[in-house]
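# Secondary and tertiary structure notes
This is what each chain is made of:
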Amino acid sequence: MGSKRTYNVEITEIKHFDIDIEAESEKEALTKARISYGNGAYKTQLRNTVAAEFEIINGK
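Residues numbered from 1 in each chain as written. Predicted model: local features only at pLDDT ≥ 70, side-chain atom pairs only at ≥ 80, totals over all residues. Heavy atoms only, no water.

### Some thoughts on the overall build of the protein
- Assigned secondary structure in the protein consists of one helix and two strands.
- Listing each helix as α and each strand as β along the protein from the N terminus yields β-α-β.
- Whereas a compact globule of 60 residues would reach a radius of gyration of roughly 10 Å, the protein reaches 18 Å, over 25% beyond that.
- Along the first, second and third principal axes, the C-alpha set of the protein runs to 65 × 20 × 15 Å.
- Within the protein, the proportion of its 60 residues that are buried is 7%.
- Sequence separation of at least 24 residues holds for 78% of the intrachain contacts in the protein that already meet a minimum separation of 6.
- Between the centroid of the 9 positive side chains of the protein and the centroid of its 10 negative side chains there is a distance of 12 Å. (Helix = DSSP H or I, 4+ residues; strand = E, 2+ residues; numbered from the N terminus. Rg over C-alpha atoms; globule rule 2.2 N^0.38 Å. Buried < 20%, exposed > 50% of the residue type's maximum accessible area, 1.4 Å probe, protein only. Contact = heavy atoms within 4.5 Å. Lys, Arg positive; Asp, Glu negative; His and termini not counted. Charge placed at Lys NZ, Arg CZ, Asp CG, Glu CD.)

Written out as C-alpha cells, the structure is:
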C-alpha cells in the first residue's frame with residue numbers, strides 16, 4: 001500500500017447574479033458594480049455558482 005501525500009488543491013468558483021445599477025453610462029455602471037462588489041455589497045449563495053474548477057498546485 002502506498003504512502004499518503006498532501007496535495008494543495010486550488011478551487012476557482014465562477015458565480016453569476018444580476019444586479020440593477022443606476023448610472024449615467026455603462027462605464028459608470030460597471031465602475032459602481034466593481035466598487036460595490038469589492039466592498040462586499042453582494043451576498044452570494046451556492047445557487048449563484050455556475051462552475052467550479054479544481055487544480056493541483058503541488059504535492060508534498
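Now that the structure has been shown, the text picks up again.
### Observations concerning a nonpolar patch on the surface
- Together, Tyr7, Val9, Ile11, Phe54 and Ile56 make up a nonpolar patch on the protein surface, roughly 530 Å² of accessible area in all.
- Elements represented by at least two residues in the nonpolar patch include exactly strand 1 (7–15) and strand 2 (49–59).
- Broken down by element, the nonpolar patch gets its largest block of residues, three residues, from strand 1.
- Looking at the element boundaries, tyrosine 7 is found in strand 1. (Patch = residues over 30% accessible without salt bridge, like charges linked within 9 Å, V, L, I, M, F, W, Y side chains within 5 Å. Areas by Shrake-Rupley, 256 points an atom, 1.4 Å probe, with all protein chains shown as cover. Salt bridge = Lys/Arg side-chain N within 4 Å of Asp/Glu carboxyl O.)

Purely geometric stuff here, so don't read any function into it on its own.
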